[in-house]
Amino acid sequence: YVSSVALVQQESRLITSGYDGAIQVRNINHSERTPIAPEQTLQLHKFWSWRMTASADNRWLASVTGQYLAGSEDYTPASSDEATVTVAEQSTGTVKHQWHLLPSVQCVAFDPSSRYVAAANLLGDVAVWEIESGKELAKWRTPNFTSWGIIKSHCYISGIFALTFSPDSESLYCAGMGDMRDPMAGNGKQLWQRFAWREQPPRKIQESLADDTGEGLMETLAFHPTGKYFVMAGRLRGGNWNLGVFDSESGRIIGQAKTGMRITSARFSQDGKLLYLAGMQGQPGIKEGRFPDFGYLERFEVLES
């Protein structure tokens, strides 16, 4: 199961991570429409790679892992027997740094300058490190994304599912879903929060407003190249949209779309004129010995008034 994809266009390299904990590198510089065997496989984790991403300068890869196992009677997650955040050189696969952030760690992001990397986990813990030195620069907890089940499931659930730095690298945005009494319902508020991560302690300076949002798990964040606005998207449980466009200054919603799929990735083109969405509508059963193609890729034209 492939969990993340990164394209290094200058080198014609396609990098994927999966639920085997491995990173696979493929050369895509050919025109034949045939399966491309990996040239290199790097085993970064014993458990799944939940999310992998490449830095803006394509120098680094970051991948996160972790398995939620109860560590005590109150279901506090047990510590991991391996590092849960790994940064490696993109060109060689050589591991640069590894850090522990109580599992499971579900998202990771580089800042636009490729100097910092951030990760966040199930319990709402967020950390930022400097890549060259490996120094931890900030760490804090925001409890708003994590639920404790009292109906059907007596455990922690949800957490932070997406991270992105602002274009100036000064703010860090987190996205996921608000608190639920019944985690199986999936009806928490669509939620993002913005933090001034350089302050000590880091300070929440903005968050999505209840009037602007519906219900559902948000799984991806992306800034427009101008920095004027960003999108948050995911799955819809109740409300008007599963893709929201937010003004960077005010934090208010300025656009929305309701797609028929669960959106797992959103990316703007370099010129900002197109928005690409990737996702799915559920996996169909096996037909003629294989699973049919079930992913979706949608392309939107960005029109500004």
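The preceding data block contains the structure.
Residues numbered from 1 in each chain as written. Predicted model: local features only at pLDDT ≥ 70, side-chain atom pairs only at ≥ 80, totals over all residues. Heavy atoms only, no water.

**Student:** Help me get a handle on the overall build of the protein, residues and values and all.
**Tutor:** Of regular secondary structure, the protein possesses zero helices and 25 strands. Its C-alpha radius of gyration of 19 Å places the protein within 12% of the 19 Å reference for a compact globule of 305 residues. Dimensions along the principal axes, computed over C-alpha positions, put the protein at roughly 50 × 50 × 45 Å. Counting across all 305 residues of the protein, residues that qualify as buried make up 49%. Taking contacts inside the protein between residues at least 6 apart in sequence as the whole, the part at least 24 apart equals 45%. When the accessible surface of the protein is summed, it comes to about 15300 Å², and 47% of that surface belongs to carbon and sulfur atoms. (Helix = DSSP H or I, 4+ residues; strand = E, 2+ residues; numbered from the N terminus. Rg over C-alpha atoms; globule rule 2.2 N^0.38 Å. Buried < 20%, exposed > 50% of the residue type's maximum accessible area, 1.4 Å probe, protein only. Contact = heavy atoms within 4.5 Å. Areas by Shrake-Rupley, 256 points an atom, 1.4 Å probe, with all protein chains shown as cover.)

**Student:** Just give me the short version of the sheet that holds strand β18 (residues 203–207), but keep the residues and values in it.
**Tutor:** To summarise the sheet geometry, strands pair through backbone hydrogen bonds and adopt either a parallel or an antiparallel arrangement. Within the open sheet, the four strands sit side by side as β15-β16-β17-β18. Their pairing is antiparallel. A single partner strand is all that each edge strand has here, and the edge strands are β15 (160–165) and β18. In this sheet, neighbouring strand axes are inclined to one another by 30° on average, regardless of whether the strands run parallel or antiparallel. Relative to β18, strand β17 (residues 190–196) runs antiparallel, the two sharing four bridges. Looking across to β18, one finds that Arg194 is bridged to Gln206. (Pairing = 2+ DSSP bridges. Axes fitted to C-alpha atoms, helices over the stretch in contact; angles between N-to-C directions.)

**Student:** How would you summarise the environment of Lys96 if you had to cite specific residues and measurements?
**Tutor:** Looking at the element boundaries, Lys96 is found in strand β8 (residues 95–99). Measuring from C-alpha to C-alpha, the distance between Lys96 and Gly282 comes to 37 Å, with 186 residues separating the pair along the chain. With sequence-adjacent residues up to four places away left out, Lys96 is seen in contact with Trp60, Val87, Ala88, Ile131 and Glu132.

**Student:** Which residues make up the sheet that holds strand β19 (residues 218–223), and what values do they have?
**Tutor:** Reading across the sheet, the four strands line up as β19-β20-β21-β22 and stay open at both edges, with antiparallel pairing between neighbours. The sheet is open, and its two edges are formed by β19 and β22 (253–257), each paired on a single side. On average, each strand axis in the sheet is tilted by 20° relative to the strand beside it, whichever way the strands run.

**Student:** Account for the pairing of strand β20 (residues 229–234), naming residues and giving values.
**Tutor:** For β20, the tally of buried residues reaches six of six residues, placing the bulk of the element in the interior. Taking every second residue as pointing to the same face, both faces of β20 are buried, with Tyr229, Val231 and Ala233 on one and Phe230, Met232 and Gly234 on the other. In this structure, β19 lies alongside β20, joined through five bridges in antiparallel fashion. Paired with Phe223 across the strands is Phe230, a residue of β20. Connecting the antiparallel pair β19 and β20 is a turn made up of five residues, with Gly227 showing a positive phi of about 80°.

**Student:** Could you give an account of the packing of aromatic side chains, naming the residues involved and the relevant values?
**Tutor:** Under the criterion given, the structure shown has 20 aromatic pairs. Summarising the aromatic geometry, the rings of Trp48 and Trp50 are spaced 5.1 Å apart at their centres and angled 70° between planes, so their arrangement reads as edge-to-face. Here the aromatic rings of Trp99 and Trp129 are separated by 4.5 Å at their centres, their planes lie at 10°, and the arrangement is stacked. Taken together, the residues span a long stretch of sequence, with Trp99 in strand β8 and Trp129 in strand β11 (residues 125–130) at a distance of 30 residues. For the pair Trp99 and Trp129, one class covers both residues: buried. An aromatic cluster of three or more residues is present, and its members are Tyr173, Trp192, Phe223, Phe230, Trp241 and Phe246. (Phe/Tyr/Trp six-rings, centres within 6.5 Å; stacked < 30°, edge-to-face > 60°.)

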